[in-house]
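# Per-entry structural report
Each chain, written out:
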Amino acid sequence: MLQEQAIVEECREIAEGIYALRFRSPLIAKQARPGQFVNIRVDEGIDPLLRRPFSVSRTVDGTAEVVFNVVGVGTRILSEKRAGEFLDILGPLGHPWEYTTGFDIALIVAGGLGVAPVPILTDFLLREEKNIITFLGARTSSWVAPLNMKNLHIATEDGSKGLRGTVVELVSDYLSSHNVERPKIFGCGPTRMMKALSDLAISKDIPCELLLEGEMACGIGICQGCPVEVVNGEKRYELICTQGPAFDCRHIILPS
Amino acid sequence: MLQEQAIVEECREIAEGIYALRFRSPLIAKQARPGQFVNIRVDEGIDPLLRRPFSVSRTVDGTAEVVFNVVGVGTRILSEKRAGEFLDILGPLGHPWEYTTGFDIALIVAGGLGVAPVPILTDFLLREEKNIITFLGARTSSWVAPLNMKNLHIATEDGSKGLRGTVVELVSDYLSSHNVERPKIFGCGPTRMMKALSDLAISKDIPCELLLEGEMACGIGICQGCPVEVVNGEKRYELICTQGPAFDCRHIILPS
Amino acid sequence: MIKTSFKLRNVEFKNRVFVASGTFGYGDEAKDLVDVNKLGGIVTKSLSWKPRDGNPPPRIVETPSGMLNSIGLANIGVKKFIADKLPYLRTLDTGIIVNIAASSVQEYCDVLQELDDKEGVDAYEINVSCPNVKEGGLSFGTDCDMTKEITERLRPLTAKPLIIKLTPNVTHISDFARAVEEAGADAVSVINTVVGMAVDVKTKKPKLSTVTGGLSGPAIKPIALAKVYEVAQAVKIPVFGIGGISSVEDALEFLLVGASAVQVGTLNFVDPALSVKIAEGLVQHAEQNKLSDIGQLVGALDANVEFSVLQSWL
Amino acid sequence: MIKTSFKLRNVEFKNRVFVASGTFGYGDEAKDLVDVNKLGGIVTKSLSWKPRDGNPPPRIVETPSGMLNSIGLANIGVKKFIADKLPYLRTLDTGIIVNIAASSVQEYCDVLQELDDKEGVDAYEINVSCPNVKEGGLSFGTDCDMTKEITERLRPLTAKPLIIKLTPNVTHISDFARAVEEAGADAVSVINTVVGMAVDVKTKKPKLSTVTGGLSGPAIKPIALAKVYEVAQAVKIPVFGIGGISSVEDALEFLLVGASAVQVGTLNFVDPALSVKIAEGLVQHAEQNKLSDIGQLVGALDANVEFSVLQSWL
Ligand SMILES: Cc1cc2nc3c(=O)[nH]c(=O)nc-3n(C[C@H](O)[C@H](O)[C@H](O)COP(=O)(O)OP(=O)(O)OC[C@H]3O[C@@H](n4cnc5c(N)ncnc54)[C@H](O)[C@@H]3O)c2cc1C
Ligand SMILES: Cc1cc2nc3c(=O)[nH]c(=O)nc-3n(C[C@H](O)[C@H](O)[C@H](O)COP(=O)(O)OP(=O)(O)OC[C@H]3O[C@@H](n4cnc5c(N)ncnc54)[C@H](O)[C@@H]3O)c2cc1C
Ligand SMILES: Cc1cc2nc3c(=O)[nH]c(=O)nc-3n(C[C@H](O)[C@H](O)[C@H](O)COP(=O)(O)O)c2cc1C
Ligand SMILES: Cc1cc2nc3c(=O)[nH]c(=O)nc-3n(C[C@H](O)[C@H](O)[C@H](O)COP(=O)(O)O)c2cc1C
Ligand code: FES
Ligand code: FES
């Protein structure tokens, strides 16, 4: 973990309102593991005050990339960054997905901007020589499709692209019609999707780690601002920023 | 007076840390009189919260120009504006210099960024067919010199450029060695300079109007935030933004 | 047609958006920039019996997302207001709420009585954030008994709506709201500015001539919302929500926590047309949410009240 | 060599810059990012007798130039702190101030006594912004008598510096400062967070699970400065100035109005290295201004005190 003034290498719109920002940081590029995030100070001023957390999406040649949706003032400012500007970045942060042991086939399930960490996850799974099946919501598939996605299945709710239905229905159908040996689900997306995915994983008795989001002030465990309720823990809450963002779906109670 | 989203036509650095920003506004260009100002919202956010006031420096072909020094966050943001961006502008505001009657020869005396309104003042004085003698501090003379300045006298305190001494000493010397018929002083600059200028005007019995600055929240007379102490007024204070910024030097007590 | 109006005692205001005292002059200065006839009303600058010069400069300083002021209640005095400003205000098709400031209970009464038979005054807002000269300059507004006494003394003097504007600089603002409700106030305005200060580290001098001043603007919006919420839970009379409103969403927040109407203050300096935009935005919001009356938003907060006892454990 | 240290009772702190309670965890989390040995000290997260889960999410919401929190004093409890955190803290070359929270006077005493014979604890800071369970959850900190009682009860239990951290959510904070000074406190910390709230207008729900929370960050800096100034005028014991500090200039403002030391809070989340930058920046400032002791800045405000009585006329 370090705080640095990284140089922006590129910031481009990859789909409507969705941007990929790449910055130079050999250390983050080297240390980041799938599911970890960086906490970015979008502006040197004091409004907006807090850093904004983003999953590391890819790491290439000493650079790291984040992919984000413009939803408010912070992401708007970030989307206006240009190559050569400096960006105050803290990272890599958080507890990554367990991508090495306990499974043979990785089922990656991402909805919406949950697609962001899928490229880095795929990279590391491939290094571990795992089999991968990827289920994505459609919106950003045009960006990730040309990357290293494996066995890509795409869903849209209206069936306009890929299969019709939610991404979780897609996984469910797939599991019903295929024999998947020693699978593990890697989930990332909106809370509602994660809930459905968690239910599916539990009912099918498949290991499943979900990447959570939540309001964060610090991202490094010093503010206690990012609790998630857990079962069978020492305490009632754990911190998303340091004990997560990757959590075993059986360990957490997703907020309703 | 109007509030409008004006398009920036140009923003260029004219001397170190000093910028000229030109925006399209046929109405302000038409209505602005020498000494009036515009109040600019430098950013659509809420920090910095307040507008920033700047003298109208020139008006050309439906555009108006302001000239400013980068001294803080607002002027920094303003200096980064690019052609084509929108700028929320309120203006023209304030009570201008009386540039039409009561004198034949205009002595324009500007120190520091007080040079900003000199070009528009010169334009209007010329239209009134007044004689003009201009006394400037050196720093921005390279920018104004090629404009329409008349009978330009430049001073620097160290004598490195123009005459050695303060701009007020320059005027004083000039008045001692020349016979100036029906003069009037138009002063603009730092408070200390304005004080000396005021003293000079009073001792030589010359009419003199000074352009004041001061903290402003609204610029339009609704906050009572910009008082200047006056003598022989109905009240103890008048408002710089509406009753000024141009004041007869005999009417005001400059803050110490 | 969406109902936008709301009634206070015997006066119907066209809608629930006002401009706050001291942030819109006497209502005539910004007439080229704002169509005040689209507002619920204008609250005037505080008026005292005699004209007041106000404080020496600097009176204004910007702070993070806010500003401090110490205007010193500079005003033209009630008589000049009646002679010079009221005739114009009378021609407007909007509510005119005259704000009154004073340094003694008697002065409050005198100013109100001077105004009460004049045409064009719809209601009074009483600024109790003024130094009580008898008590060595301690603010009336931080003394619950004094605040109540002012209300009790003013109540019999007028049949028009009497609004007491409360200061946030007290421990339990709801005590003050209850006291003035009991004393017959028709509404409360919440909040006036929060005491604050700023220092110029180069000169080592305070940035305001009076050392401390009043903090306003978006910075105080969270504080104002909490105070409005506290007051709205405590009293039945309507609350004017004030503090840092800079958007339609901000206004909605105030309505949801229990304000019956809102006042736009500091942001008038930044965007004089904002109050009208908010009035229009509320109507749009009502349309989109199929409301027939903006009043349906008032106090519509979906809060788990049980949890709120946890608040003291921050 | 410029003197940076300052003494509180029997403890010498290396310099006048600290990190505030609840904004730096237990001091070990950010060790890769900040060299805490360059600070005057660390104030720990508030500790209670038993571990506390804290409040449900959301606990955090950003506001204009600030943030609201309602952590609910989530903490590991004093015993686990002693077992798991103190051994590491003991290895540091910086002051360790343990902050204590409790829901009864007895609990304050118990926590302090549990700590008092442990090596590595330099001083206590008492967070009185906690609900007094006996009084139905009303905060100790808004009750001057309770605040005094806590101080009186704790004073005989320790020879170490006892710092009482005051809440700004009261009418006259100087009354509280005087009360704890009388009761034997060695210093006061000013301020804790300001009560505030925020609403999600889409869901109509409060943005914090507890409805209201504590406002911190640059937005409250003007309020904090005014409170520190008020307290510093009222008592002789040192004041820790806290509230929205985001730069060396901000720290200077607090020193000038009378703080003997400062604590950096919310800004640790934004720039974990800020406190060290401020400690270094103060030394530079002293060099540039030819001061031999940072202490020369304390209370060096050049204020015209006569004017400050005008403050109530905002
Ligand atoms: C560990 C982590 C990883 C994340 N990774 C990504 C990512 O890879 N790509 C991406 O686009 N976003 C990601 N997010 C969400 C991202 O941080 C928010 O979208 C961003 O902070 C919004 O900032 P803003 O200033 O634009 O929006 P704001 O103005 O702060 O808020 C606008 C809207 O977004 C919502 N919002 C704000 N913060 C969050 C948050 N932390 N989580 C969910 N909703 C939020 C607000 O409730 C509001 O409705 C991640 C969040 C976390 C905690
Ligand atoms: C009527 C009027 C006309 C003006 N015309 C011009 C002009 O033509 N060109 C120009 O460069 N400046 C002009 N100024 C000053 C200009 O408004 C300030 O420089 C500007 O507001 C600073 O904004 P900032 O955010 O960059 O600085 P801030 O961060 O707000 O402040 C930085 C420094 O500038 C000082 N400062 C801030 N506001 C003012 C002010 N209003 N007057 C003097 N000092 C201030 C502050 O005390 C501080 O030391 C004018 C001011 C007024 C009132
Ligand atoms: C410059 C200024 C002058 C003010 N003058 C008055 C006044 O004369 N009387 C009064 O009751 N309130 C006065 N106020 C307080 C405002 O009416 C309002 O209550 C406060 O500023 C909070 O709202 P805001 O954050 O929207 O500004 C003044 C506020 C400002 C900023
Ligand atoms: C997330 C958060 C948690 C806090 N926790 C505590 C706490 O446990 N005990 C305490 O005394 N103060 C606590 N505080 C208050 C701070 O120590 C400080 O007094 C306040 O935030 C004002 O300073 P700031 O504006 O620099 O943050 C907390 C503040 C924040 C933002
Ligand atoms: S975001 Fe601060 S502890 Fe997790
Ligand atoms: S700046 Fe508001 S009255 Fe002059």
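The structure this text deals with has already been given above.
In this report, we go over the structure that sits alongside the text. Keep in mind that what you see is a predicted model, and the values were worked out from it rather than measured. (Residues numbered from 1 in each chain as written. Chains lettered and ligands numbered in written order. Predicted model: local features only at pLDDT ≥ 70, side-chain atom pairs only at ≥ 80, totals over all residues. Heavy atoms only, no water.)

## Structural notes on the overall build of chain A
Formally: For helices the rule is a DSSP run of H or I covering at least 4 residues; for strands it is a run of E covering at least 2, with both sets numbered from the N terminus onward. Radius of gyration: C-alpha atoms only; globule rule: 2.2 Å multiplied by the number of residues to the exponent 0.38. Residues count as neighbours in contact if any of their non-hydrogen atoms are within 4.5 Å of one another. The Shrake-Rupley method, run with a 1.4 Å probe, gives the accessible areas here. Residue values count only the displayed protein chains as cover. The sign given to each residue is positive for Lys and Arg and negative for Asp and Glu; His and the chain ends receive no count. A single reference atom marks each charge: NZ on Lys, CZ on Arg, CG on Asp, CD on Glu.
Looking only at helices and strands, chain A has six helices and 17 strands in total. For a compact globule of 256 residues, the expected C-alpha radius of gyration is about 18 Å, and chain A comes in at 18 Å, within 12% of that figure. By its C-alpha atoms, chain A is 50 × 45 × 35 Å across when sized along the principal axes. Long-range pairs, those at least 24 residues apart, make up 65% of the contacts in chain A between residues at least 6 apart in sequence. Summed over all atoms, the accessible surface of chain A reaches about 10,600 Å², with 47% contributed by carbon and sulfur. Measuring between centres, the 26 positive side-chain charges of chain A sit 1 Å from its 32 negative side-chain charges.

## With respect to the overall build of chain C
Filter applied, for reference: Relative accessibility thresholds used throughout: buried, under 20% of the residue-type maximum; exposed, over 50%; partly exposed, between the two (1.4 Å probe, protein chains only).
Scanning chain C from terminus to terminus reveals eight helices and 18 strands. The C-alpha radius of gyration of chain C comes to 19 Å, within 12% of the 20 Å expected for a compact globule of 314 residues. Reported as C-alpha extents along the three principal axes, the dimensions of chain C are approximately 50 × 50 × 40 Å. Out of the 314 residues in chain C, the part that is buried amounts to 68%. Taking all contacts inside chain C whose residues are at least 6 apart in sequence as the whole, residues at least 24 apart take part in 71%. Accessible surface computed for chain C: about 10,200 Å², of which carbon and sulfur atoms make up 48%. Each charge class in chain C was averaged separately, 32 positive and 37 negative side chains, and the resulting centres sit 4 Å apart.

## Describing the pattern of salt bridges
All names here are of chain B. Rules: Every case where a carboxyl oxygen of Asp or Glu lies within 4 Å of a side-chain nitrogen of Lys or Arg is listed as a salt bridge.
Summed over the entire model, instances satisfying the criterion amount to 54 salt bridges over all chains. Here Arg24 and Glu9 are joined by a salt bridge, their closest N and O atoms 2.8 Å apart. Placement of Arg24 in strand S2 (residues 18-24) and of Glu9 in strand S1 (residues 2-15) is noted, with a sequence separation of 15 residues between them. The class for Arg24 is partly exposed, based on a relative accessible area of 35%.

## Regarding the sheet that holds strand S1 (residues 2-15) of chain A
Residues and elements named next belong to chain A. Filter applied, for reference: Only strands that DSSP links by at least two bridges are regarded as paired with each other. Between N-to-C directions, angles span 0 to 180 degrees; the directions come from axes that are lines fitted to C-alpha atoms, helices contributing only their stretch in contact.
Taken in spatial order, the seven strands make up an open sheet running S4-S3-S7-S1-S2-S6-S5, and their pairing is antiparallel. Strands at the two margins of the open sheet, each flanked by one partner only, are strand S4 (52-55) and strand S5 (58-60). Recorded for the sheet is a direction-independent mean angle of 40° between the axes of neighbouring strands. For strand S3 (residues 37-41) and S4, the ladder comprises four bridges, and the chain directions are antiparallel. For Phe37, the partnering residue across the bridge sits in S4 and is Ser55.

## Comments concerning helix H8 (residues 274-288) of chain D
Residue and element names in this part refer to chain D. The condition that has to hold: Each helix should span, by expectation, one fewer than its residue count multiplied by 1.5 Å.
End to end, H8 covers 20 Å across 15 residues, agreeing with the expected 21 Å (1.5 Å per residue, within 8%). Along H8, the residues classified as buried are Leu274, Ser275, Val276, Ile278, Ala279, Gly281, Leu282, His285 and Ala286. Looking at the packing, one finds that the buried side of H8 touches strand S3 (17-19), helix H6 (248-256), strand S16 (261-264) and helix H7 (267-270).

## Re the packing of helix H2 (residues 105-116) of chain D against helix H3 (residues 144-154) of chain D
All names here are of chain D. Selection criterion: Crossing handedness follows the turn of the near helix against the far one: under a right angle anticlockwise gives a left-handed crossing, and clockwise gives a right-handed one. For this classification, Asp, Glu, Lys and Arg are treated as charged, while Ala, Val, Leu, Ile, Met, Phe, Trp, Tyr, Cys and Pro are nonpolar and the rest, including Gly, are polar.
Taken N-terminus to C-terminus, the directions of H2 and H3 make an angle of 35°; their axes are 10 Å apart at the nearest point. In this structure, H2 crosses over H3, and the sense of that crossing is right-handed. Contacts between H2 and H3 involve Val105, Gln106, Tyr108, Cys109 and Leu112 on the former and, on the latter, Met146, Glu149, Ile150, Arg153 and Leu154. Considering only residue class, the contact of H2 with H3 consists of seven nonpolar, one polar and two charged.

## Looking at the packing of helix H4 (residues 173-182) of chain D against helix H5 (residues 221-234) of chain D
Residue and element names in this part refer to chain D. The cut-off we apply is this: Oblique is the label for any angle not covered by the other classes, which are roughly parallel (under 35 degrees), roughly antiparallel (over 145) and roughly perpendicular (65 to 115).
Contact pair H4 / H5: the axes reach a minimum separation of 9 Å and the direction vectors enclose 45°. As far as their axial angle goes, H5 and H4 are oblique. Considering only the axes of H4 and H5, their crossing is right-handed. Of H5, the residues touching H4 (which contributes Ile173, Ser174, Ala177, Arg178 and Glu181) are Lys227, Glu230, Val231 and Ala234. In terms of residue class, the contact of H4 with H5 is made up of four nonpolar, one polar and four charged.

## Quick word on the relation of the copies chain D and chain C
Our working definition: Copy-to-copy alignment: least squares on C-alpha atoms, limited to residues at pLDDT 70 or above in both.
For the pair chain D and chain C, the best superposition has an RMSD of 0.0 Å and corresponds to a rotation of 180° with a translation of 0.0 Å parallel to the axis. Taken together, the rotation and translation describe the operation of a two-fold axis.

## What to know about the site of ligand 4
The line we're drawing: Only a single heavy atom is needed: when it lies within 4 Å of a molecule or strand, its residue is near that molecule or strand. For this analysis, a polar contact is any N or O atom pair within 3.5 Å, provided that within protein one partner can donate a hydrogen and the other can accept it, and provided that sequence-adjacent residues contribute only side-chain to side-chain pairs.
In the region of ligand 4, 25 residues are neighbours, and D:Ser21, D:Ser46, D:Lys165, D:Gly244 and D:Thr266 sit closest. In this structure ligand 4 sits where residues from chains A and D come together. In this structure, D:Asn99 approaches ligand 4 through a side-chain N or O atom, which is 3.1 Å from an oxygen atom. Here an oxygen atom of ligand 4 and a backbone polar atom of D:Gly217 are 2.7 Å apart. For ligand 4, whose free accessible area comes to 600 Å², the fraction covered by protein is 99%.

## Here's the deal with the site of ligand 2
Residue and element names in this part refer to chain B. The local shell around ligand 2 holds 18 residues, among which Arg52, Pro53, Val67, Gly74 and Thr75 are the closest. Between ligand 2 and Val67 there is a distance of 2.8 Å, counted from a nitrogen atom to a backbone nitrogen or oxygen. Asn69 places a polar main-chain atom, nitrogen or oxygen, 3.0 Å from an oxygen atom of ligand 2. Looking at the shell around ligand 2, the elements with two or more residues in it are strand S4 (52-55), strand S6 (63-69) and helix H2 (73-79). If one sorts the elements of the shell around ligand 2 by residue count, S4 sits on top with four residues. Residues belonging to the shell around ligand 2 are distributed by class as follows: 10 nonpolar, six polar and two charged.

## Examining the packing of aromatic side chains
Residue and element names in this part refer to chain A. As a reminder of what qualifies: Pairing of aromatic rings covers Phe, Tyr and Trp, the last counted by its six-membered ring, and requires centre-to-centre distances within 6.5 Å; plane angles under 30 degrees mean stacked, over 60 mean edge-to-face, and any other angle means tilted.
With the rule as written, the count across this model stands at 26 aromatic pairs over all chains. A ring pair is formed by Tyr99 and Phe124, whose centres lie 5.4 Å apart and whose planes are at 70°; its orientation type is edge-to-face. One end of the pair, Tyr99, is in the loop between strand S7 (86-93) and strand S8 (105-110); the other, Phe124, is in helix H3 (residues 118-127), and 25 residues separate them in sequence. Across the pair, exposure class does not vary: Tyr99 and Phe124 are buried alike.

## A few points about the interface of chain D and chain C
We count it as follows: The quantity reported as buried area is the accessible area (1.4 Å probe) lost by two parts once they are put together, taken as the sum for both.
Contact residues are listed per partner, giving 70 residues for chain D and 70 residues for chain C. Note on chain D versus chain C: buried area summed over both sides is about 5,600 Å², and carbon and sulfur give 69% of it. Run the count over chain D and chain C and you get two salt bridges. On the surface where chain D and chain C come into contact, there are 10 residue pairs in polar contact (both at pLDDT 80 or more). For the side of chain D that touches chain C, the secondary structure elements donating two or more residues are strand S6 (66-69), strand S11 (194-197), strand S13 (205-206), strand S14 (212-216), H5 and H6 of chain D. Per-element accounting of the side of chain D that touches chain C gives the leading share, five residues, to H5(D). Among the residues forming the side of chain D that touches chain C, the class breakdown is 38 nonpolar, 26 polar and six charged.

## Remarks on helix H5 (residues 167-177) of chain B
All names here are of chain B. Here is the rule we go by: Directions are taken from the helix axis to each C-beta atom, and the arc is the one they span.
Within H5, burial applies to Val167, Val168, Leu170, Val171, Tyr174 and Leu175. One face of H5 carries all of its buried residues, which in axial projection span an arc of 155°. Turned more than 90 degrees away from the buried face of H5 sit Asp173, Ser176 and Ser177, all of them exposed. Its buried side turned inward, H5 meets strand S8 (105-110), strand S9 (131-137), strand S10 (152-156), strand S11 (163-164) and helix H6 (191-203).

## A few points about the sheet that holds strand S11 (residues 162-166) of chain C
Residue and element names in this part refer to chain C. A barrel is described by the order of its strands in space; here eight strands give the closed sequence S3-S4-S7-S8-S11-S12-S17-S18, paired in parallel fashion. Strand-to-strand twist in this sheet, taken as the mean axis angle between neighbours without regard to direction, amounts to 25°. Sitting on the sheet, helix H4 (residues 173-182) touches S11 and strand S12 (187-190), and the angle it makes with S11 is about 165°. Along the sheet, helix H5 (residues 221-234) contacts S12 and strand S17 (239-242); its crossing angle with S17, the most-contacted strand, is approximately 170°.

## With respect to the side chain of A:Thr75
Residues and elements named next belong to chain A. Following the sequence through the fold, Thr75 ends up in helix H2 (residues 73-79). The exposure class assigned to Thr75 is buried, which follows from its relative accessible area of 6%. In terms of polar contacts, Thr75 uses its side chain to reach the backbone carbonyl oxygen of Asn69, at 3.5 Å. A polar atom in the side chain of Thr75 sits 3.1 Å from the backbone nitrogen of Gly72. Setting aside residues up to four positions removed in sequence, Thr75 forms contacts with Phe54, Phe68, Asn69 and Val70.

## Thoughts on a negative patch on the surface
Residue and element names in this part refer to chain D. For the record, the criterion: A patch consists of residues whose relative accessible area exceeds 30% and which take part in no salt bridge; residues with like charges are grouped when within 9 Å of each other, and nonpolar side chains (Val, Leu, Ile, Met, Phe, Trp, Tyr) when within 5 Å.
A surface patch of negative charge is lined by Glu135, Asp143, Asp145, Glu149 and Glu152. Here Glu149 shows up in helix H3. On the basis of relative accessibility, which here comes to 32%, the residue Glu149 falls in the partly exposed class.

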